[in-house]
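# Descriptive analysis of the structure
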Amino acid sequence: MRFMMLVIPKGYESAKAGTLPDPAMVEKMMKYNESLQKAGVLLALDGLHPPSMGARVSFSGGKPRITDGPFAEAKEVLGGYWMIQVKSKAEALEWASRAPMSDNEIIEVRQVQEFGDFPPETQKHVEGFQEMKNAPKK
Amino acid sequence: MRFMVIVKASKESEAGQMPSTELLTAMGKYNEELVKAGVMLAGEGLAPSSKGARVRFEGSKRTVIDGPFAETKELIAGYWVWKVASKQEAVDWLKRAPFNGGEEVELRQIFEMEDFGKEMTPELRAQEAKVMKSAEDNRKKK
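Residues numbered from 1 in each chain as written. Chains lettered and ligands numbered in written order. Predicted model: local features only at pLDDT ≥ 70, side-chain atom pairs only at ≥ 80, totals over all residues.

## Things to note about the overall build of chain B
Counted only if it meets this: Here a strand is any run of E in DSSP of at least two residues, a helix any run of H or I of at least four, and the numbering for each starts at the N terminus. Residue burial here comes from a neighbour count, namely the number of other C-beta atoms, placed from the backbone, that lie within 10 Å of the residue's own C-beta, with 20 or more meaning buried, 12 or fewer meaning exposed, and in between meaning partly exposed. What counts as a contact is two residues whose backbone-derived C-beta atoms lie within 7 Å of each other.
In terms of regular secondary structure, chain B is built from 4 helices and 6 strands. In chain B, the succession of helices and strands from N to C terminus is β-α-α-β-β-β-β-α-β-α. The principal-axis extent of the C-alpha atoms belonging to chain B is close to 50 × 45 × 30 Å. Per-residue burial over chain B gives 27% buried out of 142 residues. A fraction of 70% describes how many contacts in chain B between residues 6 or more apart in sequence connect residues 24 or more apart.

## Examining the environment of Val131 of chain B
Position of Val131 of chain B among the secondary structure elements: in helix H4 (residues 122-141). A C-alpha to C-alpha distance of 27 Å links Val131 of chain B and Ala77 of chain B, two positions 54 residues apart in sequence. For Val131 of chain B, the residues in contact, after removing those within four places along its chain, are Asn33, Glu34, Gln37 and Leu42 of chain A.

## Quick notes on the interface of chain A and chain B
This is how the line gets drawn: Note on pairing: two strands pair once DSSP finds at least 2 bridges between them.
Each side of the interface is counted separately: chain A has 62 residues, and chain B has 58 residues. Of all the secondary-structure elements, those providing two or more residues to the side of chain A that touches chain B are strand S1 (2-8), helix H1 (23-38), strand S2 (42-47), strand S3 (55-58), helix H2 (89-97), strand S6 (106-111) and helix H3 (120-134) of chain A. Pairing of S6 of chain A with strand S3 (residues 53-58) of chain B involves 4 bridges; the strand directions are antiparallel. Looking at S3 of chain B, one finds that Ile106 of chain A is bridged to Arg56 of chain B.

## Let's talk about the nonpolar core
Nonpolar side chains in soluble globular proteins tend to be buried together. Rules: Residues enter a nonpolar core if they are buried, belong to Ala, Val, Leu, Ile, Met, Phe, Trp, Tyr or Cys, and are joined to the set through C-beta atoms within 7 Å.
Among the nonpolar cores identified, the biggest contains 57 residues, and Met5, Leu6, Ile84, Ala96, Ile107 and Val109 of chain A together with Val5 of chain B are the most heavily contacted of them. In terms of residues, this core owes the most to one element, S1 of chain A, which gives 6 residues. Excluding its chain neighbours within four sequence positions, the residues that come into contact with Val109 of chain A are Phe3, Met5, Ala92, Leu93 and Ala96 of chain A together with Gly52, Ala53 and Val55 of chain B.

## A few points about unusual backbone geometry
Excluding glycine, residues mostly have negative phi values, and the peptide bonds linking residues are mostly trans. The step from Gly69 of chain A to Pro70 of chain A runs through a cis peptide bond, and the omega angle for that step is 0 degrees. Among the secondary structure elements, Pro70 of chain A is positioned in the loop between strand S4 (65-68) and strand S5 (80-85). Following Gly67 of chain B, the chain continues to Pro68 of chain B via a peptide bond in cis, the omega torsion being 5 degrees. By secondary structure assignment, the location of Pro68 of chain B is in the loop between strand S4 (61-66) and strand S5 (76-83). Even without being glycine, Asn104 of chain A reaches a positive phi, approximately 65 degrees. Structurally, Asn104 of chain A can be placed in the loop between H2 and S6.

## Observations regarding helix H3 (residues 87-95) of chain B
As a reminder of what qualifies: Starting at the helix axis, one direction is taken to each C-beta atom, and the arc is that of these directions.
Ala90, Trp93 and Leu94 of chain B are the residues of H3 of chain B that are buried. Mapping the buried residues of H3 of chain B onto a view down its axis gives an arc of 100 degrees, with all of them on the same face. More than 90 degrees from the buried face of H3 of chain B, the exposed residues found are Gln88 and Asp92 of chain B. Contact partners of the buried residues in H3 of chain B: S3 of chain A together with strand S1 (2-8), helix H2 (21-36), S5 and strand S6 (104-109) of chain B.

Function cannot be inferred from these measures alone, as they are strictly geometric.
Here it is as structure tokens:
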């Protein structure tokens, strides 16, 4: 089963545009990434620029409305993620516990939906999408 | 540049309710357009937070809190990764998404190796490249 480990860094909701992670932190992260890689569990990972460089689009009544970041009301924002392939939620939590995070930071562990999780009626609609994703990338 | 397009959770997604056939069909068409335009790199849906957990860090202490998480406002239901030429292009694509029920979607730019400048030493770059290659191989094995 696949899990996303969503990183919620403390204070990142108010980080200035162009903020980069501390080099010492980057080094620790790379070591951790390498441990995931050596264990063969790593599927993907990315870090995200601060929300002040992002935007939100809301679709009230189907009409898109754009709000540029930062998002004043946000108490928690995403800083990045890992996607891992493991045998259980417990194993995912074990990996999350080993991440080099600072005090009061959070990793949210969420299971990724697989094709087989959908009821047959829904599978019909998702089938084409699975093929699209498996198609060779440009 | 790449963007993570984060679809926020709703009461329905948190309840594990499947989208309607109508929405699934519209979403299928939209995904097809994204793929044809070479924009879509990845896309996944997440199981409700009731199936998940949070780990809170404090010194060497780790506190595990099982889901669901009440504050659904910042919760994630799914995401895409898009490759586009600008933030505007990402916004333009997103405006065409077939959402209609007050959904909120967040666009966040993904860090690329070149964003780190010289702090990213050749050794770190090589290490990163190895990790990324291995992750790609694992995805193909799936």
